[in-house]
Amino acid sequence: MNTKKNNLVFYIALIICALICIWAVGFNQSFTAASSAMFTFFTTDFGWLYCAAMLAFVFFAVFIAFSKWGNIRLGEDQEKPEYSTLSWFAMLFGCGMGVGLVFWGVAEPLSFYLRPAAGITPSSPDAANFAVKAAYMHWGVSPWANYSVIGLALAYFGFRKKKKGMISTTLIPLIGEERAEGWLGTLVDILAVFATVAGIVTSLGLGVMQINSGLHMVLGLPSNITVQIIIIVLISVIYIWTAASGIEKGIKAISDVNLYLFVGLMTAAFLLGPKLEILNNLVGGVGSYLQDFIKDSVLINGYGDNQWTFDWRIFYWAWFIAWAPFVGVFIARISRGRTIREFILGVAIVPALTSIVWFSIFGSLGLHLAESGVLDDASLKAIAAAPETGLFLVLQHYPLTKLISIVSIVLLNTFFITSANSGTFVLSMLSSDGNMNPPKKKMLIWGVIQSLMAIGMMLAGGLKPLQTISLCAAFPFIFVMFAEMASLVIALKKERAGDPEHAGKDS
């Protein structure tokens, strides 16, 4: 273990997190203005790059999956998968999307319905169809292909080549081991830690706001910062404990429960909702999504209004790239023993299809009420302004409101915990020189830091600026991921060529 680099990544990441917190809490207006200005610069001047990169990640994932390298195993040649397929899927899905699906499942399509892209009449059937297709685009194959780039590189070099589980390690075939262990690799690993911390803290804050909103509507609990802090503290105890318990005992167990709740809630919502509209949106929406996939992936115009694209599509592409180090490290850690083809299909296709089904059901619940006039413009604007309320406001208009709302709150909590304990585990790995079973002390430290940052940011009203600054910090990962793609192809070519230095089983 490179103790010097290990400590450097850990302490510098801690210092950066502390400085960001002090800036955000003590000088919130300055922090908000600076983060907004930086993000406007990146989205306006480099929106084309975000769009091109996300499309490139999809093409690369498809190419690798169906290439001659698809049968190479992420581990020894005869090694079996470490976890069952169901548990594997439950963990990667809970880590990669969970809270976002529940948070945006109703609110996002309604936001697009109210304010669609330029050229589409708001609050019209065309806007409803656009809303469905746009939600599929944001939560479909693209983000998961993006996660698979880092995840596959880490799993291949970690389990096949017996390298450390660090982002910098995946660049060795391209930049050499000396640079990967030097300042350049250290910088990459520090950025990965910061992007992970900021992404998780933002998600914790948004998830807590929605849990509090649900408890307010269902049980009448106050919706305020005091209740939200109590929720953070209670859930933090659970996610730190499950992370410290290890993947098998803690993370896997709660991910399995989470998956059953997820499927159960989807099934109930389908049976209670507008079934014909759901099926029409599923089939027709998928058709439109596939037909226009390339055009919609790069929905940016040289002339005309790009505001919707900047506000939504490029924001999402930047957000998913920011999450790629965290999700990539975790899915790599749980994917030992699977083939490259199995990894890509499992990571990029299955969760994408599940997300599409989720949005076809919950998006239709809201759009049905909007199109039938049950939700007026004032209600739609209220949901767009406070998306954490959308799910519960819409559920009020369907049978078994209280029961479904309670199940939704429980699911929010389990998704919250699966994302946070996965993040805690990953942060501990990245700050322990890629140790696949990092020390519990590190997990406790990172778990507490995430909770304190979430509370501090919520008290300062700084969740949105923190999210924005994390997207700016993650901008360099576009180039890191391009480098990883090249590095992986170089290593795979050498393995197939029979280079003894890069044989499947390193001595």
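This text goes with the structure placed above it.
Residues numbered from 1 in each chain as written. Predicted model: local features only at pLDDT ≥ 70, side-chain atom pairs only at ≥ 80, totals over all residues. Heavy atoms only, no water.

A.B. asks: What is the right way to read empty space enclosed by the protein from this model?
C.D. replies: Which parts of space are left empty comes out when a probe the size of a water molecule is rolled across the atoms. For the structure on display, the rule yields 4 cavities of 30 Å³ or more. Computed from the structure, the largest cavity encloses a volume of approximately 60 Å³. Ala268, Ala269, Leu272, Gly273, Leu365, Leu395, Tyr398, Pro399, Leu400, Thr401 and Ile404 are the residues that line the largest cavity. Among the secondary structure elements, those contributing two or more residues to the lining of the largest cavity are helix H12 (246-272) and helix H19 (401-430). With 3 residues, H12 is the largest single contributor of residues to the lining of the largest cavity. (1 Å grid on protein atoms, 1.4 Å probe; cavity = no way out; pocket = protein on both sides within 12 Å on 5 of 7 lines; lining within 4 Å. Points joined across faces, edges and corners; volume = space filled by probe spheres on them. Helix = DSSP H or I, 4+ residues; strand = E, 2+ residues; numbered from the N terminus.)

A.B. asks: Any chance you could explain the environment of Val448 here in plain terms?
C.D. replies: With respect to the helices and strands, Val448 occurs in helix H20 (residues 440-460). Measuring from C-alpha to C-alpha, the distance between Val448 and Ser148 comes to 29 Å, with 300 residues separating the pair along the chain.

A.B. asks: Looking at this structure, how should I read the environment of Phe46?
C.D. replies: As for its placement among the helices and strands, Phe46 is situated in helix H2 (residues 28-65). Take Phe46: its relative accessible area is 24%, and that puts it in the partly exposed class. Phe46 sits 429 residues away from Phe475 along the chain, and the two C-alpha atoms are 9.5 Å apart. Sequence-distant contacts of Phe46, defined by excluding residues within four places in its chain, comprise Phe41 and Phe475. (Buried < 20%, exposed > 50% of the residue type's maximum accessible area, 1.4 Å probe, protein only. Contact = heavy atoms within 4.5 Å.)

A.B. asks: Can you walk me through helix H6 (residues 125-139) in this structure?
C.D. replies: For an α-helix, 3.6 residues make a turn, and residues three or four places apart therefore share a direction. Between its first and last C-alpha atoms H6 spans 22 Å; for 15 residues at 1.5 Å apiece the expected length is 21 Å, and the two agree. The complete set of buried residues in H6 reads Ala127, Ala128, Phe130, Ala131, Val132, Lys133, Ala134, Ala135, Tyr136, Met137, His138 and Trp139. (Expected span 1.5 Å × (residues − 1).)

A.B. asks: Mind showing me how you'd approach the pattern of salt bridges here?
C.D. replies: Going through the model one piece at a time under the given rule, you end up with 10 salt bridges. For Glu82, the salt bridge goes to Arg333, with nearest N and O atoms at 3.6 Å. With a gap of 251 residues between them, Glu82 in the loop between H2 and helix H3 (85-96) and Arg333 in helix H15 (residues 307-333) connect regions that are remote in the sequence. In this structure Glu82 comes out as partly exposed when scored by relative accessible area, which is 38%. Glu342 serves as the salt-bridge partner of Arg338, at 2.7 Å between the closest nitrogen and oxygen. Ionic contacts of the salt-bridge type, sharing partners, join the residues Asp77, Arg160, Lys161 and Glu495 into one network. (Salt bridge = Lys/Arg side-chain N within 4 Å of Asp/Glu carboxyl O.)

A.B. asks: In this structure, what is going on with the packing of aromatic side chains? I would like to understand it.
C.D. replies: Two measures describe an aromatic ring pair: the distance that separates the ring centres and the angle between the ring planes. Across all of its chains, the model carries 34 aromatic pairs by this definition. On the numbers, 6.5 Å between centres and 35 degrees between planes, the contact of Phe46 with Trp48 is tilted. Seen from their ring centres, Phe57 and Phe482 are 5.8 Å apart, and the 55 degrees between their planes marks the pair as tilted. In this pair, Phe57 is assigned in helix H2 and Phe482 in helix H22 (residues 477-496), connecting sequence segments 425 residues apart. Judged by relative accessible area, Phe482 falls into the partly exposed class, the value being 28%. The residue whose ring lies beneath Arg338 is Trp88, and the NZ or CZ to ring-centre distance is 4.1 Å. In this arrangement the basic side chain of Lys442 is found over the ring face of Phe10, its NZ or CZ atom lying 4.6 Å from the centre. (Phe/Tyr/Trp six-rings, centres within 6.5 Å; stacked < 30°, edge-to-face > 60°. Lys NZ or Arg CZ within 6 Å of the ring centre and 35° of its normal.)

A.B. asks: Explain the packing of H6 against H15 to me, please; I cannot follow it from the model alone.
C.D. replies: Two quantities define a packed helix pair, namely the angle between the helix axes and the distance between the axes. Orientation of H6 relative to H15, taken along the N-to-C sense of each, is 25 degrees, at an axis distance of 10 Å. Accordingly, the angle class assigned to the pair H6 and H15 is roughly parallel. Contact residues: Phe130, Ala134, Met137, His138 and Trp139 in H6; Trp308, Trp312, Arg313, Tyr316, Trp317 and Phe320 in H15. Its residues placed into classes, the contact of H6 with H15 shows 9 nonpolar, 1 polar and 1 charged. (Axes fitted to C-alpha atoms, helices over the stretch in contact; angles between N-to-C directions. Parallel < 35°, antiparallel > 145°, perpendicular 65-115°, else oblique. Nonpolar A, V, L, I, M, F, W, Y, C, P; charged D, E, K, R; others polar.)

A.B. asks: I keep staring at unusual backbone geometry and nothing clicks. Help me out?
C.D. replies: Leaving glycine out, the prevailing phi sign among residues is negative, and the prevailing peptide bond configuration is trans. One non-glycine residue, Ser123, adopts positive backbone phi at about 55 degrees. Among the structural elements, Ser123 can be located in the loop between helix H5 (107-114) and H6. In this structure, Leu400 takes a positive phi of about 55 degrees despite not being glycine. Looking at the element boundaries, Leu400 is found in the loop between helix H18 (390-395) and H19.

A.B. asks: Where do I start with the environment of Ala378 in this structure?
C.D. replies: Tracing the chain through its elements places Ala378 in helix H17 (residues 377-385). Classification of Ala378 by relative accessible area gives exposed; the value is 54%. Spatially, the C-alpha atom of Ala378 lies 22 Å from that of Ser405, the residues being 27 residues apart in sequence.

A.B. asks: I tried to follow H2 on my own but got confused; where do I start?
C.D. replies: Across its 38 residues, H2 extends only 46 Å between first and last C-alpha, which sits more than 12% below the 56 Å expected from 1.5 Å per residue. Maximal helix bending in H2 amounts to about 75 degrees, located at Phe46. (Bend = angle between axes of the 7 residues up to and from the residue.)

A.B. asks: So what exactly am I meant to see when it comes to the packing of H2 against H15 here?
C.D. replies: Packing of H2 against H15 leaves a shortest axis separation of 9 Å and a crossing angle of 65 degrees. With respect to each other, H2 and H15 are oriented roughly perpendicular. Considering how the two elements wind past one another, H2 and H15 form a crossing that is left-handed. Residues Phe39, Thr43, Thr44, Gly47, Tyr50, Cys51, Met54 and Phe57 of H2 touch H15, and the partners they reach there are Phe310, Ile314, Phe315, Trp317, Ala318, Phe320 and Ile321. Residues of the contact of H2 with H15, tallied by class, amount to 12 nonpolar, 3 polar and no charged. (Left-handed = near helix turned anticlockwise from the far one by under 90°.)

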